[in-house]
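As a plain string of letters, each chain reads:
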There are 4 protein chains.
Amino acid sequence: MNTFGTLFRLTTFGESHGPAVGGVIDGMPSGIPVDLPMLQQEMARRRPGQSALTTARAEADQVELLSGIFEGVTTGCPIGFIVHNSDQHSSDYESLRHLYRPSHADFTYQQKYGLRDHRGGGRSSARETLSRCVGGAFAKMALSRRGIAIHAYTSQVGSIALEPYRGQYNLNLTETNPVRCPDPDIALQMEELIRRVKAEGDTIGGTITGVITGLPVGLGEPVFGRLGASLAAAMMSINAAKGFDYGQGFLGSTQRGSKQNDAFGLDEAGNVTTLSNNSGGIQGGISNGHEIYFRVAFKPVATLLRPQPTVTTDGSETTFSAHGRHDPCVLPRAVPIVEAMAAMVILDHYLINRASTDF
Amino acid sequence: MNTFGTLFRLTTFGESHGPAVGGVIDGMPSGIPVDLPMLQQEMARRRPGQSALTTARAEADQVELLSGIFEGVTTGCPIGFIVHNSDQHSSDYESLRHLYRPSHADFTYQQKYGLRDHRGGGRSSARETLSRCVGGAFAKMALSRRGIAIHAYTSQVGSIALEPYRGQYNLNLTETNPVRCPDPDIALQMEELIRRVKAEGDTIGGTITGVITGLPVGLGEPVFGRLGASLAAAMMSINAAKGFDYGQGFLGSTQRGSKQNDAFGLDEAGNVTTLSNNSGGIQGGISNGHEIYFRVAFKPVATLLRPQPTVTTDGSETTFSAHGRHDPCVLPRAVPIVEAMAAMVILDHYLINRASTDF
Amino acid sequence: MNTFGTLFRLTTFGESHGPAVGGVIDGMPSGIPVDLPMLQQEMARRRPGQSALTTARAEADQVELLSGIFEGVTTGCPIGFIVHNSDQHSSDYESLRHLYRPSHADFTYQQKYGLRDHRGGGRSSARETLSRCVGGAFAKMALSRRGIAIHAYTSQVGSIALEPYRGQYNLNLTETNPVRCPDPDIALQMEELIRRVKAEGDTIGGTITGVITGLPVGLGEPVFGRLGASLAAAMMSINAAKGFDYGQGFLGSTQRGSKQNDAFGLDEAGNVTTLSNNSGGIQGGISNGHEIYFRVAFKPVATLLRPQPTVTTDGSETTFSAHGRHDPCVLPRAVPIVEAMAAMVILDHYLINRASTDF
Amino acid sequence: MNTFGTLFRLTTFGESHGPAVGGVIDGMPSGIPVDLPMLQQEMARRRPGQSALTTARAEADQVELLSGIFEGVTTGCPIGFIVHNSDQHSSDYESLRHLYRPSHADFTYQQKYGLRDHRGGGRSSARETLSRCVGGAFAKMALSRRGIAIHAYTSQVGSIALEPYRGQYNLNLTETNPVRCPDPDIALQMEELIRRVKAEGDTIGGTITGVITGLPVGLGEPVFGRLGASLAAAMMSINAAKGFDYGQGFLGSTQRGSKQNDAFGLDEAGNVTTLSNNSGGIQGGISNGHEIYFRVAFKPVATLLRPQPTVTTDGSETTFSAHGRHDPCVLPRAVPIVEAMAAMVILDHYLINRASTDF
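Residues numbered from 1 in each chain as written. Chains lettered and ligands numbered in written order. Predicted model: local features only at pLDDT ≥ 70, side-chain atom pairs only at ≥ 80, totals over all residues. Heavy atoms only, no water.

(A) How the structure looks around the relation of the copies chain D and chain C. In the superposition of chain D on chain C (RMSD 0.0 Å, axial shift 0.0 Å), the rotation amounts to 180°. When the rotation and shift are considered jointly, the pair of chain copies conforms to a two-fold rotation axis. (Least-squares fit on C-alpha atoms with pLDDT ≥ 70 in both.)

(B) Highlighting the packing of helix 3 (residues 129–144) of chain A against helix 8 (residues 331–356) of chain A. All names here are of chain A. At their nearest, the axes of helix 3 and helix 8 sit 7 Å apart, and the two run at 50° to each other. It follows that helix 3 is oblique to helix 8 by the angle criterion. As for the relative orientation of helix 3 and helix 8, their crossing is left-handed in sense. Contacts between helix 3 and helix 8 involve Thr129, Arg132, Cys133, Gly135, Gly136, Ala139, Lys140, Ala142 and Leu143 on the former and, on the latter, Pro336, Ile337, Glu339, Ala340, Met341, Ala343, Met344, Ile346 and Leu347. Counted by class, the contact of helix 3 with helix 8 contains 12 nonpolar, three polar and three charged residues. (Axes fitted to C-alpha atoms, helices over the stretch in contact; angles between N-to-C directions. Helix = DSSP H or I, 4+ residues; strand = E, 2+ residues; numbered from the N terminus. Parallel < 35°, antiparallel > 145°, perpendicular 65-115°, else oblique. Left-handed = near helix turned anticlockwise from the far one by under 90°. Contact = heavy atoms within 4.5 Å. Nonpolar A, V, L, I, M, F, W, Y, C, P; charged D, E, K, R; others polar.)

(C) Structural context of the relation of the copies chain B and chain A. Aligned on chain A, chain B shows an RMSD of 0.0 Å; the corresponding rotation is 180° and the shift along the axis is 0.0 Å. A symmetric contact is evident, with 100% of the interface residues of chain B recurring at the interface of chain A.

(D) Just the interface of chain D and chain C, in detail. Counting from both sides, the interface comprises 98 residues of chain D and, opposite them, 98 residues of chain C. Our enumeration of links across chain D and chain C arrives at six salt bridges. The closest approach of N and O atoms between D:Glu221 and C:Lys112, which form a salt bridge, is 2.7 Å. Applying the counting rule to chain D against chain C returns 42 residue pairs in polar contact (both at pLDDT 80 or more). (Salt bridge = Lys/Arg side-chain N within 4 Å of Asp/Glu carboxyl O. Polar contact = N/O pair within 3.5 Å; in protein donor to acceptor, adjacent residues only side chain to side chain.)

(E) Broad picture of the pattern of salt bridges. Residues and elements named next belong to chain B. This model, assessed by the stated rule, comprises 89 salt bridges over all chains. Note that Lys140 and Glu339 form a salt bridge whose closest N and O atoms lie 2.6 Å from each other. In this pair, Lys140 is assigned in helix 3 (residues 129–144) and Glu339 in helix 8 (residues 331–356), connecting sequence segments 199 residues apart. Taking the relative accessible area as the measure of exposure, Lys140 reaches 12% and is therefore buried. (Buried < 20%, exposed > 50% of the residue type's maximum accessible area, 1.4 Å probe, protein only.)

(F) The arrangement of helix 4 (residues 184–199) of chain B in detail. All names here are of chain B. The terminal C-alpha atoms of helix 4 lie 22 Å apart, and with 16 residues this matches the ideal 22 Å at 1.5 Å per residue to within 8%. Within helix 4, burial applies to Ile186, Ala187, Met190, Glu191, Leu193, Ile194 and Val197. The arc enclosing the buried residues of helix 4, seen along the axis, measures out at 165°, which places them on a common side. Exposed residues on helix 4 whose side chains face more than 90 degrees from its buried face are Asp185, Leu188 and Ala199. Regarding helix 4, its N-cap is Asp183, as a side-chain oxygen of that residue lies 3.0 Å from the backbone nitrogen of Asp185 further along. Note on helix 4: the residue one or two positions beyond its end, Gly201, has a positive phi of about 70°. (Expected span 1.5 Å × (residues − 1). Arc of directions from axis to C-beta.)

These figures come from the coordinates and say nothing about function on their own.
So this is what it looks like as structure tokens:
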């Protein structure tokens, strides 16, 4: 199940310590100029080693585009791509061959498949998400022609949080700090927390908020293709994601209908619209023209720089001590991944809706 | 997109005030005795009018099974079924034809499709979920042969909540009270709250917790078919669902790795296992043999028994006042729906995993 | 695998002697007026007992539409439908419970599923195709708005054949004779052959030719969604179909490129077009604007009105003698089924192409 | 639509003159040793320049496996692979930029997508089938563990033909001659015909017969996943394929039921079996344990080494003369492609059937 989407589809492959990761983008509309700097910028955003907050591994992550593009424009044919794994130290991982790292996928992969590539998590490594950022970059190229924009930002680290649901942040500030939080003051607090956690050899979780603007009314296919369901599946397929909500989400579940309901009224142009947006831009599974906003909860990184008790594959008790280059907090680097998944979901639904609308 | 699943698939159809709702279950394994009393019991659990807490509509909801069963046993052929809509008062809804009810799907359906069946919400009515309960009942019949059980219960109504994440409740008590909460004392408080909200013409949201036991290791297909992603899509396709998390979910996102990680150890039989279950039974997207637990957040019911301002389809301002039979709280009746969706996800993944395991 | 299609999808259920057959049409564009007389006419064309050439069973085949239509127009929601099985004589089939009819699906169903509904072939009965005609009728309703027409006719019975590939027949004559052959003289010969075969208690095979006109350029999704591949899958899913070709097909495979190639030139309006149509309207898997024509080969009906040796389910040798009402030739009644499958394929590809074209 | 299959899936990408072709194999069972020599041998069978009968292009076609394999064994994770396009002479194709080659996909791609990679056919080039041979090789590795073998051979070139339906050929002889025909005498005649056609600057069509042995009873998913339908879709997705039939196919459609029916009897071990195999190993869409045999019709290669009239993209009349390295007959090189597609279909159905059998 390494393919995602219905009309716009991404298929990914690759382990962290194999020769390369990569994928195939299928269903990309033809005639779209390929924005290579933007693509490479998305890679850079996901890359390790951007700041002291993230792992120091220096991966080049140069995307090679192998097909589906002709003279700088998409052709409608599938876009194959690979990124070589240049920074491999497979021997570093030999000690993990017969050991289950706590809260990693080592045990479940071993049991499900009967064997596993133990080096750096193999297929379960977050390096796989690199391919999603490539797919998301192409989706963004198409969506931007329709005025649809996708933003995400770190909205919580540990207990330091922005307003739990969409407040009025200046999203242009997101990229001005290493945690990718649009509130500079809160960002500093988050940074400080991450540094402190890192110094203790520990890790910390948090949430990312996504915001989608410029959507037309009508995306989403009831009943099982509800837009919220598609976004949920996309987000929950990201490594370490443990929760998703949109609109007022879990907070709204504590409230009354009289507070939550979005009354209809008329906008300045006299068009029907909702006067509030507690629904988060989706009603009955279909976009209503308002901003979609959602949250994704990430558990703390499982790799700690301190000893943890565990067992070996043959059932002996042992201790696992990671060392070296690991993120104390996945949030900053997960921001572009959340955006990428959202972009692919929205483009897919855009195409599906376009197929039948005003037939 | 009215089909759900890969190998075990449910396709549903039907509006609340058309002749019938129903569906087709495809991929049901052959040779499973059909437990009709259980099936009808699941219908009864979802049915309106079970208690003073839920709407008083008396729908018979008698399922007619039309195919795929021979002499009481499934044949492996698709199971078509219908439930007639017996309690229709279409004329009651004439006033809704040209009006957008707040926080309903009226507006988005009208815009997406250019027309809509306005009677009782049409396709967007929660009556559609009846077909899911049929699908879920068959999935449960298959799963029970493998020792897999699916339970759900109301874990929060407004601000009255059980422990936010899986506590040690006696799930046999869930069905002993009308809110379907396994803690009788909390259940009473929830009931009291719902009555009070109802008396005020208002509604209230809440959360349902699902628990899956008896799972083998190995269900879930990385990367996009991660078990958490499949469950998320299933739950977020339910009417009024706005959030999903599993394991320690949003709570865990505030914590440190040293607290969240599940250390591996040996169970009494000497087998490798995790010594805690913060992961909620899923690691790397694959079931690890522990109990899966998850939450679904439901917004408050949008239909209030009090006047709300809104607009008509031609943009005139008006007031909408619902009256009569409506749930003040969707939670109790959503419990069997959550179970049904979970059962279908798990059976589908069970079959997918079975296809390739130990090839 | 009882669902067919990507955006326009038909799911079918039902056995020949269960309560009903039926299905769900999903992805039907909204706003299409439902042509009930046409729908019922398509049912009548497939129905047994239309002439002395076909089985005398008098099935009413009245379609009940259960959803997806509001005030005579499609809503974009799934269209559920059932047709009750009124003419059941299940007891007639008791003798078949423990017997494998030659060249039927009795043996393979029994082995695959461990049990089977033996009455009249159960799920493997051609009665299932009734649901396809419902799906096809709705597809035709949508396609006709775009000027796309689907025709099929009997092109061969035994060795009596029209030109093997698309000749210039007046398709308006197809429905003027019971074999549905557009050449009245050949039709008489076919009729005569079928009567003779029937009198001998035997059956006879043949071919149906399909013709699709009014297509725009651009339908078909290389590489695996080539239009010819989709049509092939559709046709080969029909009971008793054993072969498919399009354009010059098998005949063209005996020829040279210099004879087969379709040279490009200009039409009267000065547009680029092929000057011949050996390709059958599809090049590189994509419609080129010309007429698509294809053939489907049907084996002779397996049920003979003469004794045949066979074995019982427990391995004893016996003799099977069918009696009563059986088609000596499936061709006339298969014509509407071929059209239905073609219509669904074309609408599905029309929608898929529309999703991305001129993005 | 560049993905094929349900549980065993191949996604391909690449144009003939881009940097590389390649793909992703998803759903490969874990624990299968990778037979690299066999894989490379399958590449060699498809490669141009094997004999005087095929094009002289010397493509290395070295497959790079990028993931999904660990220490020589499949891991159950997706297998990414690429093959670099080493023998590119893009400038040779500049003359084709504004010209539609007769019976190629130039026109339809240009119209559908608004642009195209004109070099060597771009995506519509048969070079894409290289990726299918990689997928097929892995499928064969899995199937061989179950005793299932896939063979194909050239059964007709122009009018020189083996018995139209499965005769008793020694399939070990297929690879002993350059046309891949198991009858050495007929092979010589085919060779002679191809040489003569080539000398005249012309091309010739033909048929390939596929044979699948060692199948268990039960593969195939009625009604739309009938095994014959899946094979048809697979074969008709191959470049230049124009027809498909299985069992007695088109020939059987001229016959009577009394001749075509396969009577049931007992084999030497006392098991129920059919005493003949006119059905071609499939009944009711499900394998019956006998050999599956089928034919694929290929049109003559469209590229002739003689001038052909055509038009340019702006509608001017011109003449197209190909020169250099082109196959006069696609059959010999298509044999491994037919095998590859068959292998993938069978493995996919094997897995699907395994999911539910004896649940």
